[in-house]
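Coordinate analysis (summary)
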Amino acid sequence: MENLSGIILAKSIELLEKASLCDRCLGRFFARLGFSLTNKVRGESLKTLLCMKSSILIERGAEEEGLRILSLLARTGFKPAVEHLAKLGIEPPTITPCEVCRGILDNELRVLVDKALEMLSSYEYTTFLVGCKVPGAIVEKEDSLRSLVGVEWSESIKREINREAGTIIASKTGKNASFQNPDLLVVLNFHDMSVDVKSSPIFIYGRYRKLVRGIPQSKWICPKCRGLGCEECGGSGKKYPTSVEELVTEPILQAFRGVKAKFHGAGREDIDVRVLGPGRPFVVEVVEPRVRSVDLEELQEVMNDRSRGLVEVEGLTYTDRSMIGLLKLSAKVKEKTYYAVVKASSPVPLDKLKELEAFFSGTTIRQRTPIRVLHRRADKLRLKKVYEVKVEPLDSDKFKALIRCQGGLYIKELVNGDNGRTTPSFQEYLGVDLQVLELDVIDVQE
Ligand SMILES: [Zn+2]
Ligand SMILES: [Zn+2]
């Protein structure tokens with residue numbers, strides 16, 4: 001059997017020959033040995049054992065080696081070694097501060113943790129995780145010692161800092177350090193002695209109804225000034241005074257005290273289209289929230305009060321990021337139902353309308369990107385299914401159509417044919433010019 005404790009002590013001496021090390025930094029080279037020990041205790045113990053070893057060496061006549069070990073220890077400021085040398089009448093060497101951590105584990109760490117604690121007090125959270133940025137010279141010094149001496153039981157200084165800081169913060173705040181989706185990430189920066197706190201986003205799911213026409217789904221920047229504010233937009237920087245996005249996100253952002261909020265809808269509707277029925281699903285992502293638990297029922301009331309008559313929300317619940325992808329995906333394929341009021345250039349006989357119902361129910365539509373959105377969407381061909389059409393005449397040249405179809409089909413173009421870019425179309429089938437007067441989304445499936 002190898003002399004294992006002898007190996008540990010020999011490695012310790014080798015390390016101390018290469019650099020002056022504080023208790024924690026010496027102990028950290030053996031961090032994986034023993035359980036429920038701190039590196040400081042490991043380092044102190046090793047230094048204590050080395051003091052004892054040098055006593056035996058001196059007693060047994062190997063005085064030179066004993067004194068050499070004592071001065072290596074005294075150089076690190078280890079008191080028993082300094083005092084032992086003094087007792088033997090030998091001038092101890094000058095103390096060299098730890099050449100790995102340069103004292104940051106004691107001094108700077110405290111300062112940064114205090115700073116972090118102060119910043120954390122303005123957040124609502126239950127879990128956190130500490131990370132750190134440490135000057136490269138410190139990490140390099142530690143790495144080079146590790147490889148020179150060949151110690152395989154060490155951990156990195158960053159790990160020690162993160163753990164130490166995490167332990168202090170947990171004990172002072174009563175919150176839990178957590179690696180899995182922590183509410184807050186606290187980064188201690190030893191380069192410039194700053195602390196950065198990042199709170200993880202919050203996701204709120206809901207459905208909205210747009211009760212009036214004339215409100216765009218997303219905030220529409222003034223094309224003239226690009227949001228800076230000009231005469232045209234009355235200094236607002238916006239083309240329209242409000243939007244579904246603003247009406248929905250602003251109260252949420254305020255409640256969670258976030259930096260910004262992103263709106264993700266399950267598909268979108270034109271400015272002149274209402275959304276009725278159960279409404280369109282959406283997810284709001286609150287970036288950098290300070291508050292994490294808001295009563296969503298109360299929030300919903302506040303939102304509906306503020307945007308009364310324009311937009312209504314319901315079913316607010318907490319969700320996660322994966323919901324955004326699901327919404328985008330489902331918007332492309334899941335069923336949607338519309339009501340369109342259509343005007344014809346000349347009267348359309350009732351039996352022809354009945355034939356249209358039958359023809360379009362179950363038909364696949366070939367649709368190229370509509371001309372009106374070509375400036376912001378790539379030109380491509382879509383194949384979308386119409387499941388059902390129900391027509392109700394309003395006048396000899398006006399009718400209402402209920403259209404149940406696959407998500408992603410442009411309805412105005414299904415009606416007017418978009419110069420042949422959508423086929424078949426109601427206009428093509430009836431042989432008269434058609435115009436959509438009104439359009440409402442009445443159901444969006446999830
Ligand atoms: Zn150190
Ligand atoms: Zn403007």
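Right, let's walk through the structure included here. (Residues numbered from 1 in each chain as written. Chains lettered and ligands numbered in written order. Predicted model: local features only at pLDDT ≥ 70, side-chain atom pairs only at ≥ 80, totals over all residues. Heavy atoms only, no water.)

**Some remarks on the coordination of the zinc ion (ligand 1)**
Definition in use: Note that water is not among the atoms used; donors are N, O and S atoms within 2.8 Å of the metal (3.2 Å for Na, K and Ca), so sites may look incomplete. Here the metal geometry follows the donor angles, with tetrahedral for four donors whose angles all fall between 85 and 135 degrees, square planar for four and octahedral for six when opposite donors are more than 155 degrees apart and every other angle is between 65 and 115, and irregular for all the rest. The classification of residues rests on relative accessible area computed with a 1.4 Å probe and restricted to protein chains. Under 20% of the type maximum is buried, over 50% is exposed, and intermediate values are partly exposed.
The coordination sphere of the zinc ion (ligand 1) contains the protein donors Cys22 (SG), Cys25 (SG), Cys98 (SG) and Cys101 (SG), at a distance range of 2.2 to 2.3 Å. Because the angles between the four donor atoms bound to the zinc ion (ligand 1) fall within 105 to 113 degrees, the donor set is best described as tetrahedral. Spacing between the donor residues of the zinc ion (ligand 1) along their common chain follows C-x2-C-x72-C-x2-C. Across the pair, Cys101 and Cys98 agree in class, each one buried.

**Some remarks on the coordination of the zinc ion (ligand 2)**
Within the protein, Cys222 (SG), Cys225 (SG), Cys230 (SG) and Cys233 (SG) serve as the donor atoms for the zinc ion (ligand 2), at 2.2 to 2.3 Å. Given four donor atoms and angles of 102 to 113 degrees at the metal, the environment of the zinc ion (ligand 2) is assigned as tetrahedral. In the primary sequence, the donor residues of the zinc ion (ligand 2) line up as C-x2-C-x4-C-x2-C.

**Quick word on empty space enclosed by the protein**
Inclusion rule: Definitions used for this entry: grid spacing 1 Å over protein atoms alone; cavity, a set of points where a 1.4 Å probe fits but cannot get out; pocket, an open set with protein on both sides within 12 Å along at least 5 of 7 lines; lining residue, one with an atom within 4 Å of a point. Grid points are joined across faces, edges and corners, and a volume is the space filled by probe spheres set on the points. Numbering goes from the N terminus for both helices and strands, where a helix is a DSSP run of H or I of at least four residues and a strand is a run of E of at least two.
What the rule picks out here adds up to one cavity of 30 Å³ or more. Taken as a whole, the largest cavity encloses approximately 30 Å³ of empty space. If you go around the largest cavity, the residues you meet are Asp272, Val273, Lys412, Val436, Leu437, Glu438 and Leu439. Per element, the largest residue contribution to the lining of the largest cavity is four residues, and it comes from strand 14 (residues 434–444).

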